[in-house]
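An overview of the molecular structure
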Amino acid sequence: MPLRAARLLVWPFAVAAFALRVCAELWFKPVTWRIDPSGVAFLAWMAVLSGTLLVPWVGYALLTRRNRRPATWLVDPQRHRFVAPASPTWMGSWSMVLGWIAAAFVQTERIAGGDRAQLVQIPGALALATAVAAVVLGGIALTLLLNRPLLTLDRHGITDQGLVRRTFLSWDRLLPGGPPPPPRWAASIPLMRLAPAPEKPPHPYPLPAGRLHVDPAFLANTVRQYVEHPEHRTAIGTQRELDRLHVTLT
């Protein structure tokens, strides 16, 4: 599946996690009220509640199972940079969890004298649930539109654009000899950078490799290549330089 399509699928699956949990609260929870003993009813409710998150998560994982993190970069020749966008797996997992949690703000109650559920009749409860859902689902959509998080490399250094915060790491402030190639499932890569004051020791910066759509070992090797070989930095952002990286790093 193309990377863009995998990213666009994140939002409807997050909405599905939200909707499934709300439906379970309204339609399945009343069923558990008629199950005896109460322990069995509780286990049935926990199973269904877990399924409202697992079903969209497994569905998305199956659709995007071929989108493994590649040992390469996206080339942005107009801005002369290499780009690693957010991993669809990382984005999908967190977005569905947030959508599922947002559904918890949709409170229900038992209809008096019956075995059906309805939205709680507390003033402002529905408005609060609607506001939370709009903020969470709207925030997910905005994050996808802004293409965040994002990691870029150019001739000057590394830009780590998180969901909100942006950090710039100059090549000349990173220590040579590292980072070591991490395992494929590594959540972060420790980069050692010089402190602003010369008398202070270098300090680590955890580069968030786990949320990026690039192989962590290839990312670490690329960083080490440009730290130790500054003569290649001006070519960053070209297909020719990417080809050279593939030959050199493999």
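Quick note: structure is the one above.
What comes next is a walk through the structure.

Rules used in this analysis
- Residues numbered from 1 in each chain as written.
- Predicted model: local features only at pLDDT ≥ 70, side-chain atom pairs only at ≥ 80, totals over all residues.
- Heavy atoms only, no water.
- Phe/Tyr/Trp six-rings, centres within 6.5 Å; stacked < 30°, edge-to-face > 60°.
- Helix = DSSP H or I, 4+ residues; strand = E, 2+ residues; numbered from the N terminus.
- Buried < 20%, exposed > 50% of the residue type's maximum accessible area, 1.4 Å probe, protein only.
- Arc of directions from axis to C-beta.
- Pairing = 2+ DSSP bridges.
- Axes fitted to C-alpha atoms, helices over the stretch in contact; angles between N-to-C directions.
- Core = buried A, V, L, I, M, F, W, Y, C linked by side-chain atoms within 4.5 Å.
- Contact = heavy atoms within 4.5 Å.

Time to look at the packing of aromatic side chains. Following the criterion strictly, the structure yields five aromatic pairs and no others. Where Phe13 meets Tyr60, the ring centres are 5.5 Å apart and the plane angle is 70°; that geometry is what we call edge-to-face. Here Tyr60 lies in helix 3 (residues 38–63) and Phe13 lies in helix 2 (residues 10–32), a separation of 47 residues in the sequence. Residue Phe13 shares its accessibility class with Tyr60, and that shared class is buried. Summarising the aromatic geometry, the rings of Phe28 and Trp45 are spaced 6.4 Å apart at their centres and angled 10° between planes, so their arrangement reads as stacked. Separated by 17 residues along the polypeptide, Phe28 in helix 2 and Trp45 in helix 3 bring together distant segments of the chain. For Phe28, a relative accessible area of 25% puts it in the partly exposed group. Exposure remark for Trp45: the relative accessible area of 10% places this residue in the buried category.

Listed as buried for helix 7 (residues 239–249) are Glu241, Leu242 and Leu245. Seen end-on, helix 7 carries its buried residues on one side only, within an arc spanning 100°. Of the exposed residues in helix 7, the ones pointing more than 90 degrees away from its buried face are Arg240 and Val247.

A few words now on unusual backbone geometry. The peptide bond linking Asp36 to Pro37 adopts the cis configuration, its omega dihedral lying at 10°. Considering the arrangement of structural elements, one finds Pro37 in the loop between helix 2 and helix 3. Of the consecutive residues Arg148 and Pro149, the connecting peptide bond is found in the cis state with omega at 0°. Counting through the fold element by element, Pro149 comes out in the loop between helix 5 (125–145) and strand 5 (150–153). Even without a glycine there, the phi angle at His80 is positive, about 55°. Inspection of the secondary structure assignment puts His80 in the loop between strand 1 (74–76) and strand 2 (81–85).

Pairing is antiparallel in the open sheet, where five strands are placed in the order 1-2-5-6-7. Of all strands in the sheet, those with a lone pairing partner are strand 1 and strand 7 (166–170), marking the two edges. Going from strand to strand, the sheet's axes swing by 20° on average, the running direction of each strand aside. Pairing of strand 1 with strand 2 involves three bridges; the strand directions are antiparallel. When the sheet's bridge partners are listed, Leu74 is paired in strand 2 with Val83.

Grouped together as the largest cluster of nonpolar side chains are 25 residues, with contacts concentrated most on Trp73, Leu151, Leu153, Ile158, Trp171, Leu207 and Leu219. Those elements giving two or more residues to this core turn out to be strand 2, strand 5, strand 8 (189–193), strand 9 (203–207), helix 6 (216–228) and helix 7. Top contributing element to this core by residue count: helix 6, with six residues.

Along the chain, the position of Thr152 falls in strand 5. For Thr152, a relative accessible area of 8% puts it in the buried group. Excluding its chain neighbours within four sequence positions, the residues that come into contact with Thr152 are Arg81, Phe82, Val83, Gly157, Ile158 and Thr159.

Another aspect to go through is the environment of Ala17. Relative to the helices and strands, Ala17 resides in helix 2. Overall, the relative accessible area of 0% leaves Ala17 in the buried class. For the pair Ala17 and Gly51, spaced 34 residues apart in the sequence, the C-alpha separation amounts to 9.4 Å. For Ala17, the residues in contact, after removing those within four places along its chain, are Thr52, Pro56, Met96 and Trp100.

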